[in-house]
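Listed below, chain by chain, are the residues.
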Amino acid sequence: MNLRFSSDDIKAEAKRLGVFACGIARADRVDEAYANKFRQCMERHDFADMHYMYEHVEKRLDPRLLMPGVKSIVCVALNYTPAVPLSAESYQIAAYALGQDYHDVVKRKLWQLAANLGISEGFRCFVDTAPVLERYWAQQAGIGWIGRSQQLIIPGGGSMFFLGELFLDIGLTYDTPMPNRCGNCRRCIAACPTQALTLEGEQGSRLDANRCLSYQTIENRGALTEEAKAAMGNCIYGCDRCQQACPWNLKAVPNTLPELQPSPLLLQMRREDWTQLTEETYRKLFKGSAVKRAKYSGLMRNIRAVEENTPQKS
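Being a predicted model, the structure only gives us computed values, none of them experimental.

### Some remarks on the overall build of the protein
Next, step 1: The helix and strand tally for the protein stands at 14 helices and 10 strands.
Next, step 2: Since a compact globule built from 314 residues should have a radius of gyration of about 20 Å, the 20 Å found for the protein is in line with a globular shape.
Next, step 3: Seen along its three principal axes, the alpha-carbon backbone of the protein occupies a region of about 70 × 40 × 35 Å.
Next, step 4: Nonlocal contacts in the protein, meaning residues at least 24 apart in sequence, comprise 74% of its contacts between residues at least 6 apart.
Next, step 5: Entry remark: accessible area of the protein is about 15,200 Å², with carbon and sulfur atoms responsible for 50%.
Next, step 6: Taking the average location of the 39 positive side-chain charges in the protein and that of its 35 negative ones, the two points are 2 Å from each other.

Dropping the structure here:
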């Protein structure tokens, strides 16, 4: 490929496309400390029954095995901080799922970025559907750091971001990895209702997906644990409590992308509508949405659990 653009050109074009942050990392093997932590998570079964996390390990640890010839990883972050919240009279769902499916939204941005730069070969786009350690590479690309919440935290933006990667077979100017800036803060850990997040090391933490409400209410295909049921509150899909507690999110700017806004139908939903949700309405409500990950049966399981914990009006 003939290089007709610079790293600055890539970042400027990404920003023009509505990307909040963009950085570039050298494609190389993951450093040994992070690789060891990942292997330890596997050994402890911290990924619960998300079987895909235990597969293609070497490709996760070395992106050059995923795309032979890759030299640069362009990382992008797309803001999903809610601009319009769901009504307090409605059950709640995690902020990332309020709009259209992020896989499609971010991948369209990456494909457009490549096209606008004149890239037609020697590249691949990834958005959470391949063995790529997205937060690690975003940190290596200088976008932010992996906080104790296990989310990528971006200065001036917080942690509510979708991540994507553009693999390129050309060398570029690379950014400097961003150091951890969580300091002594433990708010995310204190806010976790099931103690899925626990301290590990001076600046790190452990996330046990088996106990995490996001795993329990989205990825888990079986029955909810009693611990999960008791901790759900009024949220029927996912859990944002670690992010809501993070002080870096206090000044987060709401996203303005039309495709990430909740639909009028979703905004009209009230608790009684959720309890009477039919499969037909479910399909209309979540067409092109990440909520379909939980399937109708999984969402109704969650709704019933929340109903059981909601005091009935006399």
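From this point, the discussion proceeds with the structure in view.
### Things to note about the side chain of D208
Next, step 1: Within the secondary structure, D208 sits in the loop between β9 (204-207) and α8 (213-219).
Next, step 2: Here D208 sits buried without a salt bridge, and the closest side chain of opposite charge, R206, lies 4.2 Å off (N-O distance).
Next, step 3: Within the structure, the side chain of D208 is placed 2.6 Å from the side chain of N210, a separation counted as a polar contact.

### Thoughts on the packing of aromatic side chains
Think of a pair of aromatic rings as described by two things: how far the centres are apart, and how the planes are tilted against each other in angle.
Next, step 1: Taken as a whole, this structure holds 15 aromatic pairs when the rule is applied.
Next, step 2: Ring geometry for W111 against F123: centres 5.3 Å apart, planes inclined by 80°, an arrangement best described as edge-to-face. Of the two residues, W111 is situated in helix α5 (residues 102-116) and F123 in strand β4 (residues 123-126); the sequence distance between them amounts to 12 residues.
Next, step 3: Judged by its relative accessible area of 48%, W111 is partly exposed.
Next, step 4: A residue is classified by how much of its surface remains accessible, and F123, at 14% relative accessible area, is buried.
Next, step 5: Look at F126 and F167: their rings are 4.7 Å apart centre to centre, the planes differ by 70°, and that puts the pair in the edge-to-face class. You can see F126 sitting in strand β4 and its partner F167 sitting in strand β7 (residues 161-168), a full 41 residues away along the chain.
Next, step 6: On the basis of relative accessible area, F126 is assigned to the buried category, the value being 3%.

Criteria and cut-off values
- Residues numbered from 1 in each chain as written.
- Predicted model: local features only at pLDDT ≥ 70, side-chain atom pairs only at ≥ 80, totals over all residues.
- Heavy atoms only, no water.
- Helix = DSSP H or I, 4+ residues; strand = E, 2+ residues; numbered from the N terminus.
- Rg over C-alpha atoms; globule rule 2.2 N^0.38 Å.
- Contact = heavy atoms within 4.5 Å.
- Areas by Shrake-Rupley, 256 points an atom, 1.4 Å probe, with all protein chains shown as cover.
- Lys, Arg positive; Asp, Glu negative; His and termini not counted.
- Charge placed at Lys NZ, Arg CZ, Asp CG, Glu CD.
- Buried < 20%, exposed > 50% of the residue type's maximum accessible area, 1.4 Å probe, protein only.
- Salt bridge = Lys/Arg side-chain N within 4 Å of Asp/Glu carboxyl O.
- Polar contact = N/O pair within 3.5 Å; in protein donor to acceptor, adjacent residues only side chain to side chain.
- Phe/Tyr/Trp six-rings, centres within 6.5 Å; stacked < 30°, edge-to-face > 60°.

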